[in-house]
Amino acid sequence: MSEAARGAIVLRRDEPVLRVEDAALRYGRRVVWSGLGLEVRPGELLAVLGANGSGKTSLVRAVLGLEPLAAGRIEVAGRPAGRSNRDIGYIQQQRRLDARTPLRARDVVRQGLDGHRWGIARPGRVPWGRVRAALAAVDATNHADVPVGLLSGGEQQRVRVAQAIVADPALLLCDEPLLSLDVSSQQTIAGLVDRRRREHGTAVLFVTHEINPILPYVDRILYLVDGRFRLGTPAEVLTSETLSELYRSPVEVIRRDGLVLVAGLPAPADAHGTRWHDDGLRAEPLVS
């Protein structure tokens, strides 16, 4: 992130917003990851990459308190992680809603306040001013009274971003928010998340299959592979040496026209010989 962008951040506390200390997650005898330690500070965007089963979404669920740790601890804004921690905003994967869904966009955003993002809205006075402000922040004011099922996939995801930020969270959890979106919508959602963290100092944990749409905004990367992990800047992690060590197989990182391509990741190839991976990096056959 540029120095100019950093100057726009308003830090609300000196302490890290998210702290993970010596954390381990297991499913039965299988260790998903262990010894995981990281801190995400106000205004920082940490991208989480890795293959299926590497524990990316499990990390998000652990921060939400939905996956119990086998060891270690997780804190958000100095308090234990969990659903009751109102310093957390959560953007789910993009899933098309049925056209018959009766909720309007503003009703969905409201759930980020009185429904606490995962529950049924509680009765009482509705702070519609905050709802309108959240919709305005994602350029979705015109969608306020539209049934969400009639919105496009990209428009629905804007509403989900508004729902996640309406309570002014200190930490924004993004669990594959770009999935199934077209390139233009991916860039829009990535830009909205970046604007939020720059203008409000919100820490961001961004799980994604698509690194290239958010690469210009990423401060650091957590890369998970088979229980192993690397944490560092994109320049430190997205290298042939680092990924070869993680995958225990020869991997080559290619940077072309501002995009990151990876050759040699161990994954099935399609009929055209192109490999596609969960981390959003396209692996092309090496040219001898």
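**As for the environment of Leu179**
Tracing the backbone shows Leu179 in the loop between β7 (171–175) and α6 (183–200). Leu179 sits 84 residues away from Arg95 along the chain, and the two C-alpha atoms are 8.5 Å apart.

**A few points about the confidence of the model for the chain**
Should the pLDDT be low somewhere, the predicted coordinates at that spot are not to be read in detail. Chain-level statistics for the chain give a pLDDT mean of 83 and a share of 83% at 70 or above. Below pLDDT 50 for its whole length, residues 1–12 participates in 26 contacts with residues either more than four positions away or in separate chains. In the model, residues 116–121 has pLDDT below 50 throughout and makes 23 contacts with residues more than four positions away in sequence or in other chains.

**Some points on the sheet that holds strand β4 (residues 71–76)**
Read across the open sheet, the four strands follow the order β2-β1-β4-β5; overall the sheet is antiparallel. Here the strands that pair on one side only, and so sit at the sheet edges, are β2 (30–40) and β5 (79–80).

**Structural notes on helix α2 (residues 56–63)**
Because an α-helix packs 3.6 residues into every turn, residues spaced three or four apart end up facing the same way. Summarising burial for α2: six of the eight residues are buried, a large majority. Among all positions in α2, only Lys56, Ser58, Leu59, Val60, Ala62 and Val63 are buried. A positive phi of about 80° marks Gly65, the residue just after α2.

**Details of the pattern of salt bridges**
Tallying each qualifying case throughout the model produces 20 salt bridges. Across the pair Glu15 and Arg19 runs a salt bridge, and its minimum N-O distance is 3.1 Å. By relative accessible area, Glu15 is classed as partly exposed at 47%. Among the salt bridges present, the one from Asp145 reaches Arg106, with a minimum N-O distance of 2.8 Å. Taken together, the positions of Asp145 in the loop between α4 (128–137) and α5 (153–165) and Arg106 in helix α3 (residues 105–110) put the pair 39 residues apart, joining distant regions of the chain. Overall, Arg106 belongs to the partly exposed group, its relative accessible area being 22%. One continuous salt-bridge network, built from bridges that share partners, spans Glu15, Arg19, Glu21, Glu39, Arg41, Arg73 and Glu75.

**Examining unusual backbone geometry**
Although it is not a glycine, Glu176 adopts a positive phi angle of roughly 55°. On the secondary structure map, Glu176 appears in the loop between β7 and α6. You will see that Ser180, though not glycine, has its phi angle at about 70°, which is positive. Relative to the helices and strands, Ser180 is located in the loop between β7 and α6.

**Looking at the sheet that holds strand β3 (residues 45–50)**
Taken together, the six strands give an open sheet; going across it, the order is β6-β7-β8-β3-β9-β10, and neighbouring strands pair in mixed fashion. Pairing within the sheet leaves two strands with one partner each, and these edge strands are β6 (88–91) and β10 (228–232). The average undirected angle you get between the axes of adjacent strands in this sheet is 15°. Across four bridges, the pairing between β3 and strand β8 (residues 203–207) is parallel. Within the sheet, the bridge partner assigned to Leu45 lies in β8 and is Val204. In the packing of α2 onto the sheet, the strands contacted are β3, β6, β7, β8 and β9 (220–225), and the crossing angle to β7 comes to about 145°.

Scoring rules and cut-offs
- Residues numbered from 1 in each chain as written.
- Predicted model: local features only at pLDDT ≥ 70, side-chain atom pairs only at ≥ 80, totals over all residues.
- Heavy atoms only, no water.
- Helix = DSSP H or I, 4+ residues; strand = E, 2+ residues; numbered from the N terminus.
- pLDDT = per-residue confidence, 0-100.
- Contact = heavy atoms within 4.5 Å.
- Pairing = 2+ DSSP bridges.
- Buried < 20%, exposed > 50% of the residue type's maximum accessible area, 1.4 Å probe, protein only.
- Salt bridge = Lys/Arg side-chain N within 4 Å of Asp/Glu carboxyl O.
- Axes fitted to C-alpha atoms, helices over the stretch in contact; angles between N-to-C directions.

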